[in-house]
Amino acid sequence: MLFVQEIDLWYRKDVRYPSYANVRNALKFVPVKTDIIRPDCEVLYHYSRFEQSTGGINKWRECYSRFGEEIFGEEIYIFGKRTDWRSANIHILSDSENYNIMFYDEVYKKVFTLIPEQYGRIQYNERFVTEYAWYYRIHTLNFISCDRNKYREKIFFRKIPDYEYRNM
């Protein structure tokens, strides 16, 4: 089974300074709910949105999505606005019990393959404009391939991932 956690951190130009950046860079994972695993779930996706202001970092939204093997089919499933996924830059392929994690940067490229019991992380940034403001965003995605019975509240709190890809 694959567990995916995405941390979507929004901030504006008033907190672009080094002291605020140090706080942003420290947010690499958050606790997860442990009562949501189902037997038919192949990929469990946890999304947390935060916003940083001069007053600190606050959580805005959190949701979970469950996917079966259809996520690895011919049709491209991505973390995108028109699907249940949030980040349009990630695609996952399954190769038996391994997971190929792809990142989109003009084309999809494989950034790592997770075998059972491995942990990977992707970080990338983007700019986002709403009708009211210009935002910067940092996406941190944690991936762990492991059995359901190893799913814990602090599953992503391992200090050093086996693989790390940054596109900043």
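Only a predicted model underlies this, so the values are computations on that prediction, with no experimental measurement involved. (Residues numbered from 1 in each chain as written. Predicted model: local features only at pLDDT ≥ 70, side-chain atom pairs only at ≥ 80, totals over all residues. Heavy atoms only, no water.)

K.L.:
Honestly, the confidence of the model for the protein in this entry has me stumped. Any pointers?
P.N.:
Per-residue confidence for the protein gives a mean pLDDT of 86; residues scoring 70 or more make up 90%. For the stretch residues 80-86, pLDDT sits under 50, and the model shows 22 contacts to residues farther than four places along the chain or on other chains. (pLDDT = per-residue confidence, 0-100. Contact = heavy atoms within 4.5 Å.)

K.L.:
What is the right way to read the packing of aromatic side chains from this model?
P.N.:
Two aromatic rings, taken as a pair, are described by how far apart their centres are and by the angle between their planes. On inspection of all chains with the given rule, the structure shows 10 aromatic pairs. Aromatic ring contacts, followed pair by pair, group Trp10, Phe128 and Tyr135 into a single cluster. Stacked on the ring of Phe128, the Lys or Arg Arg137 has its end atom at 5.1 Å from the ring centre. (Phe/Tyr/Trp six-rings, centres within 6.5 Å; stacked < 30°, edge-to-face > 60°. Lys NZ or Arg CZ within 6 Å of the ring centre and 35° of its normal.)

K.L.:
Please clarify how the side chain of Arg121 should be interpreted in this entry.
P.N.:
Mapped onto the fold, Arg121 is located in strand β7 (residues 119-129). At 2.7 Å, the side chain of Arg121 and the side chain of Tyr119 are in polar contact. Apart from the residues lying within four places of it in its own chain, the contact partners of Arg121 are Lys28, Phe29, Phe112, Thr140, Leu141, Asn142, Arg158, Pro161, Tyr163, Glu164 and Tyr165. (Helix = DSSP H or I, 4+ residues; strand = E, 2+ residues; numbered from the N terminus. Polar contact = N/O pair within 3.5 Å; in protein donor to acceptor, adjacent residues only side chain to side chain.)

K.L.:
Looking at this structure, I do not really get the side chain of Ser145. What am I missing?
P.N.:
Locating Ser145 in the fold gives a position in strand β8 (residues 134-145). A relative accessible area of 3% means that Ser145 is categorised as buried. Not counting residues up to four positions away in its chain, the partners in contact with Ser145 are Met1, Leu2, Glu97, Tyr99, Leu114, Ile115, Pro116, Glu117 and Gln118. (Buried < 20%, exposed > 50% of the residue type's maximum accessible area, 1.4 Å probe, protein only.)

K.L.:
I tried to follow the sheet that holds strand β6 (residues 108-114) on my own but got confused; where do I start?
P.N.:
Hydrogen bonds between backbone groups are what pair the strands of a sheet, and the pairing can be parallel or antiparallel. Read across the sheet, three strands follow the order β4-β5-β6 without closing on themselves; strand pairing throughout is antiparallel. Across the chains shown, the open sheet's two edge strands, defined by having one partner strand only, are β4 (90-95) and β6. Sheet twist, expressed as the mean angle between neighbouring strand axes with direction ignored, is 25 degrees. Pairing of strand β5 (residues 98-104) with β6 involves six bridges; the strand directions are antiparallel. Its bridge partner lying in β6, Phe103 is registered against Lys109. (Pairing = 2+ DSSP bridges. Axes fitted to C-alpha atoms, helices over the stretch in contact; angles between N-to-C directions.)

K.L.:
Is there a simple way to think about the nonpolar core in this case?
P.N.:
Side chains of nonpolar character tend, in soluble globular proteins, to be buried together. Ranked by internal contacts, the top residues of the largest apolar core, which has 21 residues, are Leu2, Val4, Ile90, Ile92, Ile101, Ile122 and Phe143. When contributions to this core are tallied by element, the ones reaching two or more residues are β1 (2-11), β2 (43-53), β3 (56-67), β4, β5, β6, β7 and β8. Beyond its immediate stretch of four places on either side in the chain, Ile101 contacts Leu2, Ile90, His91, Ile92, Lys109, Lys110, Val111, Phe112, Ile122 and Phe143. Residues Leu44, Ile144, Tyr151 and Phe156 belong to the second largest nonpolar core, which totals 14 residues. (Core = buried A, V, L, I, M, F, W, Y, C linked by side-chain atoms within 4.5 Å.)

K.L.:
Whenever I open this one, the sheet that holds β3 confuses me. Can you help?
P.N.:
The strand order across the open sheet built from six strands is β3-β2-β1-β8-β7-β9, with neighbouring strands paired in mixed fashion. In this open sheet, the two strands that pair with only one neighbour each are β3 and β9 (163-167). Ignoring strand direction, the axes of neighbouring strands in this sheet form an average angle of 15 degrees. Summarising the sheet, β2 and β3 pair through 11 bridges and their orientation is antiparallel. Within β3, the residue paired with Ser48 across the bridge is Glu62. Helix α1 (residues 18-26) rests against β1, β2, β3 and β8 of the sheet, and its axis sits at about 165 degrees to β2.

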